[in-house]
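Residue-level listing of the chains:
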Number of protein chains: 2
Amino acid sequence: MAKARVGLIRVLTTDDPEVLNLHGNLIMDYFPGLEVVTRCISGHPRGVFDQVTEEQAWPKVVALAQEMAAEGLQAIIVSCAADPGVKQAREVVDVPVIGAGSSAAHVALSLSADVAALGITEDVPAVMAEVLGPALLAAGKPDGVETTVDLMSLQGKRAVLQAASELKLQGTQVLVLACTGMSTIGAAADIRRELNMNVVDPAIAAGLIAWYATQRG
Amino acid sequence: MAKARVGLIRVLTTDDPEVLNLHGNLIMDYFPGLEVVTRCISGHPRGVFDQVTEEQAWPKVVALAQEMAAEGLQAIIVSCAADPGVKQAREVVDVPVIGAGSSAAHVALSLSADVAALGITEDVPAVMAEVLGPALLAAGKPDGVETTVDLMSLQGKRAVLQAASELKLQGTQVLVLACTGMSTIGAAADIRRELNMNVVDPAIAAGLIAWYATQRG
């Protein structure tokens, strides 16, 4: 059976193909029936991590989504937990546009009405907070981490586990990761293994939805 | 790799194993990595289709969920779009309890903010209406269909396509099926093929979430 072809937009600017393709490769590991084509926006070497970078990013996301849809990709993933450009891209492209943040929040809510979020900022991305509503019981961030790049250090990974374990102590049923930098470092698998928690990874959640949307059975 | 074992609760009482296992088999076709064990509640030969049957059903669903969780099943699907007993079962079992109605609504919202629902009652199941909120643009039901059993006739299937096509004319981006009887008759595939719409099937949506929740990668 021919693979479904899905576009993935990174909001971390990089010319290293290994870094660029990390989320797409993760999704293809989970869904061998998907071929994920990845591109990144320009001008964001530190990613999207606050309102300013988000506002700078979204029009570039929309432009890339239009380009990828015109090339025949069957769904577009915006691989950032803030969903930059998702709403706007939906206005101008015909294929499903799937945000990592909203997808992860919806998958978490399909599992539990008691959800905690673990991101890289003090505030949960607005789109996730809006979807989660009163189900968002707690939120945390790893100490000493400000951008997705900080997450990649050993110290960053340890701080993620520490923050997750604090949220577990608060009675979290499902932990939703509120930054796709967490996907990059494989935080979901680490947290499941070390803390035995139900964890939703934003890049994989978006892949899950994209996979379903491109099934024709 | 060992298959993840998931429990599925039908709220249509039947002693015909083929009918009983229909949703579980559908889910296993989509997710070969899942083994789905199905049981049904007693006393509901016409399923759950209104508030009275829903209130009669939910305590039986909770009892079955407890039984299945005690047997070591890793997640429990309640395969009914009204999510009978889902909230209550979550209070008493430790594994994820996944409702077909809420899962389908969340998967639909991950794809679009413009959703229509197609069920078997005039009203969309309350849990789905609550999740969809203002994204629920329209709702329809097939003419002449009152229970899941009515759906299984050729006339029922034709009425489903007719109702879907009316919702398409109203500008629906994503159609969510608001009754798992639609899963039984394969309505999602028919609608995709005949009308080229994005359709979310409630049993498959629940399977999608159960599959993800039982992944350990």
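Predicted model only: the values in this text are computed from it and were never measured.

Trainee: Break down the overall build of chain A for me, with residues and values.
Mentor: Regarding its fold elements, chain A presents 11 helices and eight strands. A globule of 217 residues ought to have a C-alpha radius of gyration of about 17 Å, and chain A, at 16 Å, matches this closely. Dimensions of chain A, computed from the C-alpha atoms along their principal axes, are close to 45 × 40 × 30 Å. A burial count over chain A gives 57% of its 217 residues as buried. By element, 50% of the accessible surface of chain A is carried by carbon and sulfur atoms, the whole surface being about 8900 Å². One way to put it: in chain A the 15 positive side-chain charges average out to a point 5 Å from where the 24 negative ones average out.

Trainee: Report on the side chain of Gln215 of chain A, specifying residues and quantitative values.
Mentor: In this structure, Gln215 of chain A sits in the segment after helix H11 (202-213). Taking relative accessible area as the criterion, Gln215 of chain A reaches 18% and is therefore assigned buried. Other than its neighbours up to four places away in sequence, Gln215 of chain A contacts Tyr30 and Arg192 of chain B.

Trainee: An account of the nonpolar core is requested, with residue identities and associated values reported.
Mentor: Membership of the largest hydrophobic core comes to 78 residues, with the highest contact counts inside it found for Val176 and Val200 of chain A together with Val176 and Val200 of chain B. Beyond its immediate chain neighbours, meaning those up to four positions away, Val176 of chain A contacts Ala104, Ala105, Ala108, Val115, Ala116, Ala117, Leu118, Met128, Leu132 and Val200 of chain A.

Trainee: Tell me about helix H3 (residues 51-70) of chain B, and name the residues and values.
Mentor: Residue and element names in this part refer to chain B. Here H3 spans 29 Å end to end across 20 residues, near enough to the 28 Å set by a 1.5 Å rise per residue. Of all the bends in H3, the greatest, near 30°, is centred on Ala57, and the proline Pro59 appears no more than four residues after it. Listing the buried residues of H3 in full gives Thr53, Ala57, Val61, Val62, Leu64, Ala65 and Met68. Against strand E1 (4-10), strand E2 (34-40), strand E3 (76-78) and helix H4 (86-92) lie the buried residues of H3. Capping of H3 at its N-terminal end is provided by Asp50; its side-chain oxygen lies 3.3 Å from the backbone amide nitrogen of Val52. Gly72 lies just past H3 and shows a positive phi near 95°.

Trainee: Report on unusual backbone geometry, specifying residues and quantitative values.
Mentor: The backbone of Asn196 of chain A sits at a positive phi, close to 55°, despite the residue not being glycine. Residue position: Asn196 of chain A is located in the loop between helix H10 (187-195) and strand E8 (198-200).

Trainee: Which residues make up the domain arrangement of chain A, and what values go with them?
Mentor: Residue and element names in this part refer to chain A. The domains assigned to chain A are domain 1 (4-100 + 204-213) and domain 2 (102-201). Taken together, the 23 residues of domain 1 in the interface contact 22 residues of domain 2. Connecting domain 1 to domain 2 are zero salt bridges. Applying the counting rule to domain 1 against domain 2 returns nine residue pairs in polar contact (both at pLDDT 80 or more).

Trainee: So what about the environment of Gly24 of chain A? Which residues, and what values?
Mentor: All names here are of chain A. For Gly24, the position within the fold is in helix H2 (residues 22-30). Classification of Gly24 by relative accessible area gives buried; the value is 1%. Here the alpha-carbon distance between Gly24 and Leu136, two residues 112 residues apart in the chain, equals 28 Å. Residues within four places of Gly24 in sequence aside, it is in contact with Leu8, Val36 and Thr38.

Trainee: Requested: an account of the packing of aromatic side chains, with residues and values cited.
Mentor: Using the criterion set out here, one finds 10 aromatic pairs over all chains in the structure. Each ring, one from Phe31 of chain A and one from Trp211 of chain B, has its centre 5.2 Å from the other, and the planes form 45°; the classification is tilted. Here the residue Phe31 of chain A occupies a position in the loop between H2 and strand E2 (34-40), and Trp211 of chain B occupies one in helix H11 (residues 202-213), the pair thus bridging two chains. Where Tyr30 of chain B meets Phe31 of chain B, the ring centres are 6.1 Å apart and the plane angle is 40°; that geometry is what we call tilted. Neither Tyr30 of chain B nor Phe31 of chain B differs from the other in exposure class; each is buried. Through a chain of ring-to-ring contacts, three or more aromatic side chains come together here, namely Tyr30, Phe31, Trp211 and Tyr212 of chain A together with Tyr30, Phe31, Trp211 and Tyr212 of chain B.

Trainee: For the relation of the copies chain A and chain B, give the residues involved together with the corresponding values.
Mentor: Between the two copies, chain A and chain B, the superposition gives an RMSD of 0.0 Å; the rotation angle is 180° and the shift along the axis is 0.0 Å. The superposition of one copy onto the other is thereby described by a two-fold rotation axis. Taking C-alpha positions as reference, the residue of chain A nearest the rotation axis is His106 of chain A, located at 2.5 Å. Looking at chain A, 100% of its interface residues are interface residues in chain B too, so the copies touch through the same face.

Trainee: Quick one: what's the story with helix H8 (residues 154-169) of chain B, residue by residue and with numbers?
Mentor: Residues and elements named next belong to chain B. When the terminal C-alpha atoms of H8 are compared, their 23 Å separation across 16 residues agrees well with the 22 Å that a helix rising 1.5 Å per residue should span. Considered for burial, the residues of H8 that qualify are Gly156, Ala159, Val160, Ala163, Ala164, Ser165 and Leu167. Buried residues along H8 sit in contact with strand E5 (115-118), strand E6 (136-140), helix H7 (148-151), strand E7 (174-177), helix H9 (181-184) and helix H10 (187-195).

Here is what the cut-offs are and how they apply
Residues numbered from 1 in each chain as written. Chains lettered and ligands numbered in written order. Predicted model: local features only at pLDDT ≥ 70, side-chain atom pairs only at ≥ 80, totals over all residues. Heavy atoms only, no water. Helix = DSSP H or I, 4+ residues; strand = E, 2+ residues; numbered from the N terminus. Rg over C-alpha atoms; globule rule 2.2 N^0.38 Å. Buried < 20%, exposed > 50% of the residue type's maximum accessible area, 1.4 Å probe, protein only. Areas by Shrake-Rupley, 256 points an atom, 1.4 Å probe, with all protein chains shown as cover. Lys, Arg positive; Asp, Glu negative; His and termini not counted. Charge placed at Lys NZ, Arg CZ, Asp CG, Glu CD. Contact = heavy atoms within 4.5 Å. Core = buried A, V, L, I, M, F, W, Y, C linked by side-chain atoms within 4.5 Å. Expected span 1.5 Å × (residues − 1). Bend = angle between axes of the 7 residues up to and from the residue. Polar contact = N/O pair within 3.5 Å; in protein donor to acceptor, adjacent residues only side chain to side chain. Domains from an automatic or database assignment. Salt bridge = Lys/Arg side-chain N within 4 Å of Asp/Glu carboxyl O. Phe/Tyr/Trp six-rings, centres within 6.5 Å; stacked < 30°, edge-to-face > 60°. Least-squares fit on C-alpha atoms with pLDDT ≥ 70 in both.

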